[in-house]
Amino acid sequence: MRTDRPADLQAIIDEIHATLKSRFGEGKVADYIPQLARVDPKHFGMAVVMADGRVLRCGDADVAFSIQSISKVFTLTIALGKYGENVWKRVGREPSGSAFNSIVQLEHEGGIPRNPFINAGAITISDLILSGHTPKEEIGEILRFVRHLANDDDIHVDRDVARSEAATGNRNLALAHFMRSFGRLDHPVDYVLGVYFHQCAIAMSCAQLAHAGLYLACNGRNPLSGHTVVSEQRARRINAVMLTCGHYDGSGDFAYRVGLPGKSGVGGGILAIAPGRASIAVWSPGLNSNGNSALGSLALEMLAQRTGWSVFSG
Ligand code: GLU
């Protein structure tokens, strides 16, 4: 069945919620900072925002969580807006085949990260968009952009998460210093990571996140606000990078199982895009071995199967 009918879709997401209920809590919650370690693993929420603005939700769709690496989609969008295709001189767009925080590949490739969604790449993007701003201004710009996309001013940076990220961020510090040693970062490491840690610490609900991603499902334009965020071609290209690189070393598996562009975060959220149809956000904190939400991936696989949504079919 292929369906875009809201009544059918609500029944589908209710059924996914009911089917997965006995498994809530599966996977391993990120525990590198206390704020993530103490999140109740049994949370589960999903929100689908259709191209016509209708919103379908189930479970904890309105509970805010740490979006973590999903923020990388929004900072990439800002960077492309500021620098256009020149962004790709600083960062590649190939799947990494490595862990999200790997340092090994960077050495082989002269400090140029494989893509903007692994940590090294996202840190490079933070460096790029920081140009001409103080870190505080840039964090404000990112937050304003996300609020604008979601059409919701009730979106905030969780300062405790940001502080903990900074206090425990040795690996990210190592990545940043390593890139700076190759001359690949323009700003001091603490400025760049100040931006990076704060963008990761933005808290949003599934409903807010699905609204924020709607421009990627609608050819670059948010049909609810009427604002063109990016060109049609750019939306397509951001989706392409999400499909190929959005799930770290599990990107191939996600494309195979779900068939939609998506970006995951270590907080257990996933933003997925069904072009022309809907923007979807799911949250279940338990992660699989690749660091992606275990049940979140499964829920999206079930949604894609039941709706027929896929970028691989007409
Ligand atoms: N703040 C996390 C880190 O940089 C983000 C990781 C993620 O969401 O994948 O380690």
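It should be noted that the structure appears before, not after, this text.
First, a word on what this report is: a plain description of the structure on this page. Computed from a predicted structure; not experimentally measured.

**Re the packing of aromatic side chains**
Given two aromatic rings, their pairing is described by the distance between the two centres and the angle made by the two planes.
1) Next: Here the structure, examined in full by the defined rule, presents 4 aromatic pairs.
2) Next: With centroids separated by 5.3 Å and ring planes inclined at 90 degrees, the aromatic side chains of Phe178 and Phe182 adopt a geometry described as edge-to-face.

**Let's talk about the nonpolar core**
1) Next: Ranked by internal contacts, the top residues of the largest apolar core, which has 74 residues, are Phe74, Val87, Ile123, Ile202 and Met204.
2) Next: Membership of the second largest hydrophobic core comes to 29 residues, among which are Met50, Leu260, Leu300 and Trp309.

**Brief notes about the environment of Pro135**
1) Next: Following the sequence through the fold, Pro135 ends up in helix 7 (residues 135-150).
2) Next: If near-sequence neighbours (up to four positions away) are discounted, Pro135 is found in contact with Leu130, Tyr191 and Val195.

**Observations regarding the sheet that holds strand 3 (residues 65-66)**
1) Next: Taken together, the 3 strands give an open sheet; going across it, the order is 3-5-4, and neighbouring strands pair in antiparallel fashion. The open sheet has two edge strands with one neighbour each: strand 3 and strand 4 (156-157).
2) Next: Pairing of strand 4 with strand 5 (residues 202-204) involves 2 bridges; the strand directions are antiparallel. By the bridge assignment for strand 5, Val157 is matched with Ile202.

**So, the side chain of Arg147**
1) Next: For Arg147, the location among the structural elements is in helix 7.
2) Next: In this structure, Arg147 is buried with no salt-bridge partner, the nearest side chain bearing the opposite charge being Asp153 at 4.8 Å.
3) Next: Those residues within four positions of Arg147 in sequence are excluded, and the remaining contacts are Asp152, Asp153, Ile155 and His156.

**Some details on the pattern of salt bridges**
1) Next: Scanning all chains against the criterion turns up 15 salt bridges.
2) Next: Ionic pairing is found between Asp186 and Arg90, a salt bridge with its closest N-O pair at 3.3 Å. Here Asp186, found in the loop between helix 9 (170-181) and helix 10 (189-200), pairs with Arg90, found in helix 4 (residues 87-90); they are 96 residues apart in sequence, far enough to count as distant.
3) Next: Among the ionic pairs, Arg114 bridges to Glu109, the shortest N-O distance being 2.8 Å.
4) Next: Note on Arg114: relative accessible area 25%, which makes it partly exposed.

Parameters and conventions
- Residues numbered from 1 in each chain as written.
- Predicted model: local features only at pLDDT ≥ 70, side-chain atom pairs only at ≥ 80, totals over all residues.
- Heavy atoms only, no water.
- Phe/Tyr/Trp six-rings, centres within 6.5 Å; stacked < 30°, edge-to-face > 60°.
- Core = buried A, V, L, I, M, F, W, Y, C linked by side-chain atoms within 4.5 Å.
- Buried < 20%, exposed > 50% of the residue type's maximum accessible area, 1.4 Å probe, protein only.
- Helix = DSSP H or I, 4+ residues; strand = E, 2+ residues; numbered from the N terminus.
- Contact = heavy atoms within 4.5 Å.
- Pairing = 2+ DSSP bridges.
- Lys, Arg positive; Asp, Glu negative; His and termini not counted.
- Salt bridge = Lys/Arg side-chain N within 4 Å of Asp/Glu carboxyl O.

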